[in-house]
Amino acid sequence: MARTGKVIDVLLVEDDPGDVLMTREAFEDNKVANRLAVVSDGASALAYLRKEGEHADARTPDLVLLDLNLPRVDGREVLEAMKNDAELRSIPVVVLTTSEAEEDVVRSYALHANAYVTKPVDFDRFIEVVRQIDEFFVEVVRLPQR
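Model, not experiment: these values are computed from the prediction. (Residues numbered from 1 in each chain as written. Predicted model: local features only at pLDDT ≥ 70, side-chain atom pairs only at ≥ 80, totals over all residues. Heavy atoms only, no water.)

Novice: Explain the packing of aromatic side chains here, please?
Specialist: Each aromatic ring pair is specified by the distance between its two centres and by the angle formed by the two planes. In this structure the tally under the stated criterion is one aromatic pair. Between F136 and F137 the ring centres are 5.2 Å apart and the planes differ by 90°, which places this aromatic pair in the edge-to-face class. With relative accessibility at 41%, the residue F136 sits in the partly exposed group. A relative accessible area of 6% places F137 in the buried class. (Phe/Tyr/Trp six-rings, centres within 6.5 Å; stacked < 30°, edge-to-face > 60°. Buried < 20%, exposed > 50% of the residue type's maximum accessible area, 1.4 Å probe, protein only.)

Novice: Would you mind showing me how to read the sheet that holds strand β4 (residues 93-97) here?
Specialist: Each strand in a sheet pairs with its neighbour through backbone hydrogen bonds, running either in the same direction (parallel) or in the opposite one (antiparallel). What the five strands build is an open sheet, ordered β2-β1-β3-β4-β5; its pairing is parallel. In the strand order of this sheet, the two ends are held by β2 (35-39) and β5 (115-118), each with one partner. Within the sheet, the average angular offset between the axes of one strand and its neighbour, ignoring direction, is 20°. Here helix α2 (residues 42-50) sits on the sheet in contact with β1 (9-13), β2 and β3 (63-66), set at roughly 135° to β2. On top of the sheet, helix α4 (residues 102-110) reaches β4 and β5; it is set at about 155° to β5, its chief contact. (Pairing = 2+ DSSP bridges. Helix = DSSP H or I, 4+ residues; strand = E, 2+ residues; numbered from the N terminus. Axes fitted to C-alpha atoms, helices over the stretch in contact; angles between N-to-C directions. Contact = heavy atoms within 4.5 Å.)

Written out as structure tokens, the structure is:
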């Protein structure tokens, strides 16, 4: 699929440095020009999204890639806070997690996640999944203007 040249801002909320590195590599391998911001816990994610403290000048993301099992504030709490906030609820959230638990899938969708993706353990497959998420949100989906 040909790239549209559209650039989106992506917030990755991930506490595993290896997964952060693989996500960055997936963006680079796919020649993705999207801006990727990374925070490593749920409290920082909420501060980033609300433009608080050190994140006062943060760009509002067009897409959030959210791990569930985070320190300080759990990913489920981040998702719930986002979807209960009038200014944040329209930001699409893809839960990208190692959890395959059905209750996590059900709860994530009940909290209005836009997608739930279980992280592949295989490096090449992980890269492919992140690339597909990116292509979907850049090439297929129409995102709200920010």
